[in-house]
Amino acid sequence: MSLTRRPRALLGRLNPGQRRWGGAGVVAGLVLASVLISLTAGDPSLLTGKPAFPADCGGPDRLTVATGADITAGSFRRDLIEEWNRTHTTQVTLVEVAERTDEERAEMAGRARLGSCAYDVLSVDVAWTAEFARSGYLLPYPLDPQKAGLFVDNVLKTGQVDGVQYAVPFVTDVPLLFHRRGLPVPTMTEQLWKYAAANGGYAVQLGDYEGGTVNLLEAVLSAGGRVTDGDRIVLDEGVNGERTREALARWRALLENGTLARGAENFSKQDTFNAFRDGFLARGPKDSAEESSLQAFRDEEAAYMRNWPFAFHRLATDRSMYDGHRRLRFGMAALPGAGILGGFNLAISARSDNPEKARMLIDFLTGHQAQARLFACSGYPPVLESVYEEYRRDPRTCDQLSVSPGTETGFSGRTDCTPGTGANPSTGAAIAAAGPPGEDPEITAPMLQELAGKIHQALCKAESRPQYSYYSAFSEVFRGCARAVVNGDLPARELDLARFADALRAARRGRAPEGAAGSLAHCGKPERRPG
């Protein structure tokens, strides 16, 4: 198997305002030009209009999977690709197209727009599925009722657009609350603020990237407000506007009084990948997103942390996270309030030369064995109900699954989301010692059992982001105004709800707000304050 990284230096030099509208203006030209250069370097047919060179496409015995960088422990998805290559004549190449999600989207969309057949399978963020499907970049992926019934219901729906299944969930994601062992575990947001203020703070991600959008959407939803309702923008309807204003004002106060961990307002996801490559123990500047939250939590600069499930494997394999009795010094719970679904879906490119083999690969990667091993070995949250049921009844570690992978489960029903069924309650066994002194910590079966239960519990109440063809534009407008209030650049009382809502309506149709890039006019303030 080959693994490729494609440098994104060009986009990396652009500021957020320049990157704002990936499909329009100068940014689109730069993105498409960079993609065009990389494509035509080996295939001038894209300029001439002649058929592509066979070597540039999959062909009968080759598949290429386009995905983003892997930040999980172990990077086990590569092992699955290698396993496929050992047992199939059709060989698969995994291409990590970019390190940042916005650059990953630009690369995939740019190639698809140019008609490239370079990729057979796309690992598509759940927030892009509607855009890619409606743009004609994906083939439909019909599922019979029995196959569809194997997936977690709300996770499967992230691959549906306009009533058609275009993509199959590969990994899902949902926020969890990590907390220091021995501290009270909140079940409501007001308790979280109280406990965090009294015990050392709360680490979140509020940087200018999609993670910031998700955190801020969760803040509004948790306060009883709504920004969207299906295709509609409802920010300025009923109580939604004032509850949004109140939620953002509250987060501004939490940032000012130190309840939110220092630096949270500037966390960005870029350093997550860099720090992961350098190793979790490496100390870097605390200006990253999930990574900075981990560091603050690990160094006891925050007693509570909102993060994705990957954080569990990262922390549980760090010896400093164990006490003198070799027990974990932290616990997990479902995030109080609202949670937003994340994750990636697998879809077949509309330009693939080999869609039948691509479907076979996707079925392999989303099968029970692959999903169980991805969870146990790397911490990827499973997309199949059968995996959660297995870990509720008979949890096994990565080593145990590798030695005796077993057979496909006969599970064909659906666990419900009532307490004590799909969600495994917290038990002391899940905090058992992870190996004798002097040896590297190992993640035990009881630990995985508790993690699976907490993830399933969180999935049951999580919401999806809106399915907009121009979701990235909507996300940036929402994030820009919401962050301006939380950062103190725009007082909450000056947030113009009507103009904010109109800007979101324009963005969801692909139109940029009026005014210069970086202006907050559509939020209620014509110019940025100096500095």
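Thresholds applied
- Residues numbered from 1 in each chain as written.
- Predicted model: local features only at pLDDT ≥ 70, side-chain atom pairs only at ≥ 80, totals over all residues.
- Heavy atoms only, no water.
- Helix = DSSP H or I, 4+ residues; strand = E, 2+ residues; numbered from the N terminus.
- Buried < 20%, exposed > 50% of the residue type's maximum accessible area, 1.4 Å probe, protein only.
- Contact = heavy atoms within 4.5 Å.
- Axes fitted to C-alpha atoms, helices over the stretch in contact; angles between N-to-C directions.
- Parallel < 35°, antiparallel > 145°, perpendicular 65-115°, else oblique.
- Left-handed = near helix turned anticlockwise from the far one by under 90°.
- Nonpolar A, V, L, I, M, F, W, Y, C, P; charged D, E, K, R; others polar.
- Expected span 1.5 Å × (residues − 1).
- Pairing = 2+ DSSP bridges.
- pLDDT = per-residue confidence, 0-100.
- Phe/Tyr/Trp six-rings, centres within 6.5 Å; stacked < 30°, edge-to-face > 60°.
- Lys NZ or Arg CZ within 6 Å of the ring centre and 35° of its normal.
- Disulfide = S-S within 2.5 Å.

**Notes on the environment of I443**
Then comes step 1: Position of I443 relative to the elements: it lies in the loop between helix 18 (398–403) and helix 19 (445–461).
Then comes step 2: Residue classification places I443 among the buried residues on the basis of a relative accessible area of 15%.
Then comes step 3: Counting along the chain gives 130 residues from I443 to H313, while the straight-line C-alpha distance between them is 7.6 Å.
Then comes step 4: Residues within four places of I443 in sequence aside, it is in contact with F312, H313, A316, T317, T397 and L448.

**Regarding the packing of helix 10 (residues 210–222) against helix 20 (residues 471–487)**
In a packed pair of helices, the relevant descriptors are the angle between the two axes and the axis-to-axis distance.
Then comes step 1: Here helix 10 crosses helix 20 at 65 degrees, and the two axes come no closer than 9 Å. One element, helix 10, and the other, helix 20, form an angle in the roughly perpendicular class. Crossing handedness for the pair helix 10 and helix 20: left-handed. Of the residues in helix 20, those touching helix 10 at E210, G212, T213, L216, L217 and V220 are Y471, S475, F478, R479, A482, R483 and V486.
Then comes step 2: Considered class by class, the residues forming the contact of helix 10 with helix 20 number seven nonpolar, three polar and three charged.

**Structural notes on helix 5 (residues 101–113)**
Then comes step 1: With 13 residues, helix 5 should reach 18 Å at 1.5 Å per residue; the first-to-last C-alpha distance of 18 Å fits that figure.
Then comes step 2: Looking only at helix 5, the buried set comprises E103, E104, R105, A106, E107, M108, A109, G110 and R111.
Then comes step 3: Once helix 5 finishes, G115 follows within two positions and takes phi at roughly 80 degrees, a positive value.

**Focus on the sheet that holds strand 13 (residues 330–334)**
Then comes step 1: The mixed open sheet is built from four strands, whose spatial order is 9-12-8-13. The strands lining the two open edges of the sheet, one partner per strand, are strand 9 (202–203) and strand 13.
Then comes step 2: Looking at chain direction, strand 9 and strand 12 (residues 304–307) are connected through two bridges and run parallel. Looking at strand 12, one finds that A203 is bridged to M305.
Then comes step 3: Across the face of the sheet, helix 9 (residues 189–199) comes into contact with strand 8 (176–180), strand 9 and strand 12 while running at roughly 125 degrees to strand 12.

**Notes on the confidence of the model for the protein chain**
Then comes step 1: In the predicted model, the protein chain carries a mean pLDDT of 79, and 72% of its residues have values of at least 70.
Then comes step 2: Low pLDDT, under 50, characterises residues 267–288; the predicted model gives this stretch 65 contacts beyond four residues in sequence or across chains.
Then comes step 3: Contacts of residues 407–413 to residues separated by more than four positions or lying in other chains number twelve contacts, the stretch itself having pLDDT below 50.

**Re the packing of aromatic side chains**
Then comes step 1: This model, assessed by the stated rule, comprises 13 aromatic pairs.
Then comes step 2: Their ring planes at 85 degrees and their centres at 5.5 Å tell us that F132 and Y137 sit as a pair that is edge-to-face.
Then comes step 3: Since its relative accessible area comes to 0%, F132 is described here as buried.
Then comes step 4: Judged by relative accessible area, Y137 falls into the buried class, the value being 11%.
Then comes step 5: Across the ring face of W308, the terminal group of R306 is positioned such that the distance to the ring centre comes to 4.5 Å.
Then comes step 6: Cation over ring: R359 sits above Y141, and NZ or CZ is 4.0 Å from the ring centre.

**Thoughts on the state of the cysteines**
Then comes step 1: Throughout the structure, instances matching the rule amount to two disulfides.
Then comes step 2: The disulfide that involves C377 links it to C398, with 1.9 Å between the sulfurs. With the S-S dihedral at roughly 95 degrees, the linkage between C377 and C398 falls on the right-handed side. Taken as a pair, C377 in helix 16 (residues 368–378) and C398 in helix 18 lie far apart in primary sequence, 21 residues in all.
Then comes step 3: Since its relative accessible area comes to 21%, C398 is described here as partly exposed.

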